[in-house]
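Residue-level listing of the chains:
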Amino acid sequence: MERGNFGTKIGVILATAGSAVGLGNIWRFPYMTGQDGGAAFIIVYLVCVLLLGIPGMIAEFIVGRHGAANAATAYARMGGKRSWAALGFVGALTSLIILGFYSVIAGWCLQYLFASIMGNLSGDAAYVNAYFTKFSSNPVEPLLWTLVFIVLTHLVVVRGVRKGIEKMSNILMPTLFILLLVIVVVSCCLPDAGKGISFLFKPDFSKVTKSVFLDGLGQAFFSLSLGTACLCTYASYFTRQTNLLKSSAQIVSIDTLVAILAGLMIFPAAFSVGVNPDSGPQLIFITLPNVFQQAFSPVLGYIIGILFYALLALAALTSTISMHEIGTSLFFEELHISRSKGAVIETLIAVVIGMLCSLSCGAVDITVFGKSFLNFCDFLTSNILLPLGSFFTCILVGWIAPRKIVKDEFTNWGTVSQGFYGIWLFFIRFISPVCIAVVFLHQMGVL
Ligand code: TRP
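On a predicted model such as this, the values are computed, not experimentally measured, just so you know. (Residues numbered from 1 in each chain as written. Predicted model: local features only at pLDDT ≥ 70, side-chain atom pairs only at ≥ 80, totals over all residues. Heavy atoms only, no water.)

Just checking my understanding: could you explain the nonpolar core for this structure?
Generally speaking, a soluble globular protein has its nonpolar side chains buried in company with each other. By size, the foremost hydrophobic cluster in this structure holds 149 residues, and its most contacted members are F6, L23, M265, F285, F308 and W424. For this core, the leading source of residues is helix 5 (residues 85–117), giving 18 residues. (Core = buried A, V, L, I, M, F, W, Y, C linked by side-chain atoms within 4.5 Å. Buried < 20%, exposed > 50% of the residue type's maximum accessible area, 1.4 Å probe, protein only. Helix = DSSP H or I, 4+ residues; strand = E, 2+ residues; numbered from the N terminus.)

Right, here's the structure in full:
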């Protein structure tokens, strides 16, 4: 069976960075930073990204490129036993669940983009608050936007690796970066913007509690798309010349830069109008429309609102594409059906999960273990399946897989990055699994 691959080096970086850069950077990172006290949280996050994120990303790349197949087969080939395919299946399932709830939030972004264009978001704080509550608990509208988003994702993925994923990433990522820079510049020029900037860069270590570590690690993994076989699937489209260490360093840098820029876009504007950015997940849907109106002149506020929600939707799309591709390639290769049929199966399941998540936000009472279905899916994936996936990937690559294969993949058969191999191996064998296990057990209440 002919497999696709990414055509250019920049295509590799932009597509994979496109997976990493998403709502995690522009929605989750700012609200976490706002909740967890600013700069101190950012330092914890950066340490997690550097010490655990980069090594973990390389490990998944190794599994994917060596396997040159969908996640299940790639894991089985790395482990030398079919039973390791289970890890690929769990990864694909995790991404499918993430795709479901992520599309709901992405659908809200589309709705807010539409509402901004129509000028429906202008009003006082109480109005914006009521708008969100009314919209998110409406049974039909958010559901339709979720569907629109999943269908958009489907339309890109179905076109294949080069013509769909790579081509879209090459267009969307630079556009996203320009939008982001424009809003950052405008936001940082506001009166009192300095307060927001120092919130981001001046750490207050009294704010660092245990939960900041948990949040930092979870955020690092989510933001880098780690632990769900996503990076492994993309790496199966890399060529033998792709330098895994260098690529992961570049992707991680882009992802981190976008997160920091998202902070520089949101906090100066919030502080400039005296709004505290600790409102949690609702930050970008309730606090921000308000901030935009107060901080800018009506025309500028209107334009910035549109640019902001367009930015969010684009960032979300490059990420949902990657989540979708994991299942699509798995169905397509494992069930020996066409790529488009594989994509249809993935889309149908995602639609069911997305609908349940969307309805659970107020329209219908769908709760699991006392959480709304959407929050339950988020918890199950981010806090349980994602760390488990990463943990077992470290065990597989660090302890089970033949050392020669791992070294050859890391160094491109002895041609690059030889000096870093030992350090990386040490991290993947000892540091990463121990850190992940400690955080996981602590979260489960065992430690
Ligand atoms: N990293 C993306 C973000 O920050 C989300 C994402 C894409 C993801 N693919 C993933 C998260 C796979 C976990 C697993 O928005």
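On we go from here.
Where do I start with helix 3 (residues 39–67) in this structure?
Within an α-helix, residues lying three or four positions from one another point in the same direction, as the helix has 3.6 residues per turn. Over its 29 residues, helix 3 extends 40 Å from the first C-alpha to the last, a length consistent with the 42 Å expected when each residue adds 1.5 Å. When the local axis directions of helix 3 are compared, the greatest deviation, roughly 35°, occurs at G53, which is followed within four positions by the proline P55. Of all 29 residues in helix 3, 23 are buried, a share of seventy percent or more. Just past helix 3, the residue A68 takes up positive phi, approximately 45°. (Expected span 1.5 Å × (residues − 1). Bend = angle between axes of the 7 residues up to and from the residue.)

Just checking my understanding: could you explain helix 2 (residues 23–35) for this structure?
With 13 residues, helix 2 ought to run about 18 Å at 1.5 Å a step, and its terminal C-alpha atoms sit 17 Å apart, in line with that. Of all the bends in helix 2, the greatest reaches close to 30° and is centred on F29; the proline P30 follows between one and four positions later. With 12 of 13 residues buried, helix 2 is to be regarded as a mostly interior element. The set of residues buried in helix 2 consists of L23, G24, N25, I26, W27, R28, F29, P30, Y31, M32, T33 and G34.

I tried to follow the site of the ligand on my own but got confused; where do I start?
In the vicinity of the ligand lie 16 residues, with A20, G24, Y102, F222 and S225 positioned nearest. Take Y102: an N or O atom from its side chain is 2.5 Å from an oxygen atom of the ligand. Side-chain polar atom of S225 to a nitrogen atom of the ligand: 3.0 Å apart, as the coordinates give it. Bound to the protein, the ligand loses 100% of the 360 Å² it would expose on its own. Only helix 1 (9–20), helix 2, helix 5, helix 10 (210–223) and helix 14 (298–334) provide two or more residues apiece to the shell around the ligand. A breakdown of the residues in the shell around the ligand according to their chemical character gives 7 nonpolar, 9 polar and no charged. (Near = heavy atom within 4 Å. Polar contact = N/O pair within 3.5 Å; in protein donor to acceptor, adjacent residues only side chain to side chain. Areas by Shrake-Rupley, 256 points an atom, 1.4 Å probe, with all protein chains shown as cover. Nonpolar A, V, L, I, M, F, W, Y, C, P; charged D, E, K, R; others polar.)

How do you make sense of the environment of A92 when you look at a structure like this?
Relative to the helices and strands, A92 is located in helix 5. Using a relative accessible area of 10% as the deciding quantity, one classes A92 as buried. Sequence separation between A92 and T381 is 289 residues; the distance between their C-alpha atoms is 11 Å.

Which parts of the structure should I look at to understand the packing of aromatic side chains?
The relation between two aromatic rings is expressed through the spacing of the ring centres and the mutual angle of the planes. Throughout the structure, instances matching the rule amount to 31 aromatic pairs. Centre to centre, the rings of F41 and Y45 are 6.4 Å apart; their planes meet at 20°, and the pair counts as stacked. With F41 and Y45 both in helix 3 and 4 residues apart, this pair spans about one turn of that helix. For the pair F41 and Y45, a shared accessibility class is recorded, and that class is buried. A centroid spacing of 5.1 Å and a plane angle of 70° characterise the contact between Y112 and F285, whose relative ring orientation is edge-to-face. Of this pair, Y112 sits in helix 5 while F285 sits in helix 13 (residues 283–295), and the two are 173 residues apart along the sequence. By relative accessible area, Y112 is classed as buried at 0%. Judged by its relative accessible area of 0%, F285 falls in the buried class. One residue, K371, lies across the ring of F379, its end atom 4.7 Å from the ring centre. (Phe/Tyr/Trp six-rings, centres within 6.5 Å; stacked < 30°, edge-to-face > 60°. Lys NZ or Arg CZ within 6 Å of the ring centre and 35° of its normal.)

Everything listed here is a matter of geometry and, on its own, says nothing about what the molecule does.
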